[in-house]
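What follows is each chain in one-letter form.
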Amino acid sequence: MQLTFHGAAREVTGSCHIVQAHGRTILLDCGMFQGKRSDVRRKNLELPLDIGRIDAVVLTHAHIDHSGRLPLLVREGYAKAIHCTPATRDLCVPMLADSAHIQERDAEFLARHRKEVFEPLYGTKDVARTIDLMQAHAYGARFEVVPGVFVTFSDAGHILGSASVTVEFTNGSASKRLVFSGDIGRSGLPIIRDPDPPKQADWVLMESTYGNRDHESVQGAREALAQVVRETAARGGRILVPAFAVGRTQELVYDLHQMAEAGEIPRLPIYIDSPLATRATEAFEKNVDVFDQTEGFVRRHNGESLFQFPMLRYTPEVEDSKALARATGPMIIIAASGMAESGRILHHLAQGASNPRNTILIVGFQAEHTLGRRIVERQETIKVYGEEVALRAQVKVLNGYSAHADRTELGMWLDAVRATSPNLKDVYLVHGEIPAQDAFAERLRLSGYRVQSPAAGTRINLT
Ligand SMILES: [Zn+2]
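Bear in mind that the values here come from a model prediction, so they are computed numbers and not experimental data. (Residues numbered from 1 in each chain as written. Predicted model: local features only at pLDDT ≥ 70, side-chain atom pairs only at ≥ 80, totals over all residues. Heavy atoms only, no water.)

Chemist: How would you sum up the coordination of the zinc ion? Please name residues and give values.
Modeler: Binding of the zinc ion to the protein goes through H61 (NE2), H63 (ND1), H158 (NE2) and D183 (OD), at separations of 2.2 to 2.3 Å. Around the zinc ion, the 4 donor atoms are arranged such that angles at the metal cover 91 to 167 degrees; this shape is classified as irregular. All donor residues of the zinc ion come from one chain, and their arrangement in sequence is H-x1-H-x94-H-x24-D. Placement of the pair is H63 in the loop between β4 (56-58) and α2 (64-67) and H158 in the loop between β8 (149-155) and β9 (163-171), with a sequence separation of 95 residues. (Donors = N, O, S within 2.8 Å, 3.2 Å for Na, K, Ca; no water. Tetrahedral: all angles 85-135°; square planar, octahedral: opposite > 155°, others 65-115°. Helix = DSSP H or I, 4+ residues; strand = E, 2+ residues; numbered from the N terminus.)

Below is the structure:
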């Protein structure tokens, strides 16, 4: 068996790993590289290997940095199965369609403004064919992906439908198991279940995004959220939340709903002002069976009414979104994009950032050079749609809503795998920037693991 590192090797995007066994080839994820357009364009076009050599694809979850190049594979001729969980398939429908739209829009923009010919990586037709190839498997169901190689998904607790993958290579009566963590979530996140570490691994391939830091607690973030809402409402202001459409939006809504019912916050109107978030929420409603039934609020609402209640309003039409500018009184507006680089959050910021009664609530990681980062740094003015806007609104940052395990939680996840794995020694780190990987590798070595953080192109024989 061989394992080759292609994407998310010494970096955090473009998740893609190649497993070869019994003369067959399986891709684990086929994600998009993200970053500056000019830097990632070539990397995204370069396929991991000839389409004709790929026998199966296994997808851990719907995030674009894990799923975003699947339609490109399909456009180039891939027509075999893509295995994933049912919720991952349901979330991929709006997410990959959105990705295709973004690329088509970018291509048009460049053609118009810079006279550059820029082919989109794929279009909506390729997305529809990709979804048709997706075969859904429940957590815990063992299925054969190519002769002699079996896969089982277990809940990774990261976003709805996210999975860790056990790949089992059989040879007669003997078998060996490679565990791929996918992205690992946090215990106690709203709605979704806690991570369920796989068992009996011979090798582990694992993410290391936050290998060098710990987050604030989930409970602490919830309390801070309640306080922000109370204080902003008392000032008569609005709370503007740039948020990822999938996961973070639904978690915030869930917590706000619960806090309002418990009387911890006033009942303010909450607007989900994002067509993608609206469609993603529908995917949540289709997959209530994988919600965390240990949460009393989930059980009480039986899933369906979690995202349909009088305080919550969806504004799919642009006109409804613009009308919010004329609305009065305190309210909460959750809109994409998560780093305030595009999307409807921009017109809310253009209008609301200069009002000291308002709060801009940051609930996700803000990369360098993004508008979200400039807000976190509390710069005096920010540029929105090319215009300078004074930043006088309050800015509040909550890190506890991260969908990624921190270094302590990553270590606990791996120790739980090791507890059932007498033969486990080798751990391969992926999906982390170099400082995070190096710090985490050092911690793991102290605990007796043999650790490597391979660069893209590295091939390892698993024996
Ligand atoms: Zn992810």
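Now, onward.
Chemist: Please provide a residue-by-residue account of unusual backbone geometry, values included.
Modeler: The linkage connecting A336 with the following residue, S337, adopts the cis geometry, with an omega of 5 degrees. Mapped onto the elements of the fold, S337 is located in the loop between β15 (331-335) and α11 (345-352). Even without being glycine, R10 reaches a positive phi, approximately 65 degrees. Among the structural elements, R10 can be located in the loop between β1 (2-7) and β2 (16-21). You can call R10 partly exposed: its relative accessible area is 25%. Positive phi is not limited to glycine here, since D29 has a value of about 65 degrees. Mapped onto the elements of the fold, D29 is located in the loop between β3 (24-28) and α1 (37-45). (Buried < 20%, exposed > 50% of the residue type's maximum accessible area, 1.4 Å probe, protein only.)

Chemist: Please give an account of helix α6 (residues 218-235) that cites residues and values.
Modeler: Between its terminal C-alpha atoms α6 stretches 26 Å, which fits the 26 Å expected from 18 residues at 1.5 Å a residue. Where α6 ends, the next residue or the one after it, G236, has phi of about 75 degrees, a positive value. (Expected span 1.5 Å × (residues − 1).)

Chemist: Would you mind going over the packing of α6 against helix α7 (residues 248-261) in detail, with residue names and values included?
Modeler: The N-to-C vectors of α6 and α7 enclose an angle of 70 degrees; their axes lie 11 Å apart at closest approach. Of the possible angle classes, the one that applies to α6 and α7 is roughly perpendicular. The two elements α6 and α7 cross, and the hand of that crossing is right-handed. Two secondary-structure elements touch here, α6 through R222, L225, A226 and V229 and α7 through L252, D255, L256 and M259. In terms of residue class, the contact of α6 with α7 is built from 6 nonpolar, no polar and 2 charged. (Axes fitted to C-alpha atoms, helices over the stretch in contact; angles between N-to-C directions. Parallel < 35°, antiparallel > 145°, perpendicular 65-115°, else oblique. Left-handed = near helix turned anticlockwise from the far one by under 90°. Contact = heavy atoms within 4.5 Å. Nonpolar A, V, L, I, M, F, W, Y, C, P; charged D, E, K, R; others polar.)

Chemist: Break down the environment of E341 for me, with residues and values.
Modeler: Tracing the backbone shows E341 in the loop between β15 and α11. Relative accessible area serves as the criterion here: at 44%, E341 is assigned to the partly exposed category. Measuring from C-alpha to C-alpha, the distance between E341 and L371 comes to 5.9 Å, with 30 residues separating the pair along the chain. At a separation of 2.8 Å, a polar atom in the side chain of E341 contacts the main-chain amide nitrogen of L371. (Polar contact = N/O pair within 3.5 Å; in protein donor to acceptor, adjacent residues only side chain to side chain.)

Chemist: Could you give an account of the pairing of strand β10 (residues 174-180), with specific residues and numbers?
Modeler: Note: β9 against β10, 7 bridges, orientation antiparallel. Of the residues in β10, the one forming a bridge with F169 is K176. From the end of β9 to the start of β10, which pair antiparallel, there are 2 residues, and G172 there has a positive phi angle of about 65 degrees. In this sheet, strand β11 (residues 203-207) lies alongside β10 in parallel orientation, the contact comprising 3 bridges. Residue F180 lies in a different strand from β11, and its bridge partner there is L205. (Pairing = 2+ DSSP bridges.)

Chemist: Now, about the pairing of β8: what can you tell me, with residues and values included?
Modeler: With 7 of 7 residues buried, β8 is to be regarded as a mostly interior element. Along β8, one buried face is formed by V149, V151, F153 and D155 and the opposite face, lined by F150, T152 and S154, is buried too. As paired elements, strand β7 (residues 142-146) and β8 share 4 bridges and run antiparallel to each other. In the sheet register, V146 faces β8, and the bridge partner there is V149. As consecutive antiparallel partners, β7 and β8 are separated by 2 residues, and within that stretch G148 has a phi angle of approximately 85 degrees, a positive value. Where β8 lies against β9, 7 bridges are found, and the strand directions are antiparallel. Its bridge partner being in β9, S154 is matched across the sheet by S164.

Chemist: Now, about empty space enclosed by the protein: what can you tell me, with residues and values included?
Modeler: Applying the stated criterion across every chain, the model contains 2 cavities of 30 Å³ or more. Lining the largest cavity are L225, V229, I239, V241, L252, L256, I332 and L361. Residues of the lining of the largest cavity, tallied by class, amount to 8 nonpolar, no polar and no charged. If you add up the space inside the second largest cavity, you get close to 30 Å³. Every residue along the wall of the second largest cavity is listed here: Y139, D155, I159, L160, G161, I192, R193 and V290. (1 Å grid on protein atoms, 1.4 Å probe; cavity = no way out; pocket = protein on both sides within 12 Å on 5 of 7 lines; lining within 4 Å. Points joined across faces, edges and corners; volume = space filled by probe spheres on them.)

Chemist: How would you summarise the sheet that holds β4 if you had to cite specific residues and measurements?
Modeler: Taking strand neighbours across the sheet as the criterion, the 7 strands line up as β6-β5-β4-β3-β2-β1-β22 in an open arrangement whose pairing is mixed. Strands with a single pairing partner mark the edges of an open sheet, and in this sheet they are β6 (134-136) and β22 (459-461). Neighbour to neighbour, the strand axes of the sheet diverge by 25 degrees on average, direction disregarded. Two strands pair when backbone bridges link them, and β1 and β22 are joined in this way by 3 bridges, in the antiparallel orientation.

Chemist: Account for the side chain of R248, with residues named and values stated.
Modeler: Along the chain, the position of R248 falls in helix α7. Although R248 lies buried, it forms no salt bridge, and the closest oppositely charged side chain, E251, sits 4.4 Å away as judged by the N-O distance. Each residue touching R248, except ones within four places of it in the same chain, is listed here: V363, G364, Y401 and A403. (Lys, Arg positive; Asp, Glu negative; His and termini not counted. Salt bridge = Lys/Arg side-chain N within 4 Å of Asp/Glu carboxyl O.)

These values are about where atoms sit, not about what they do.
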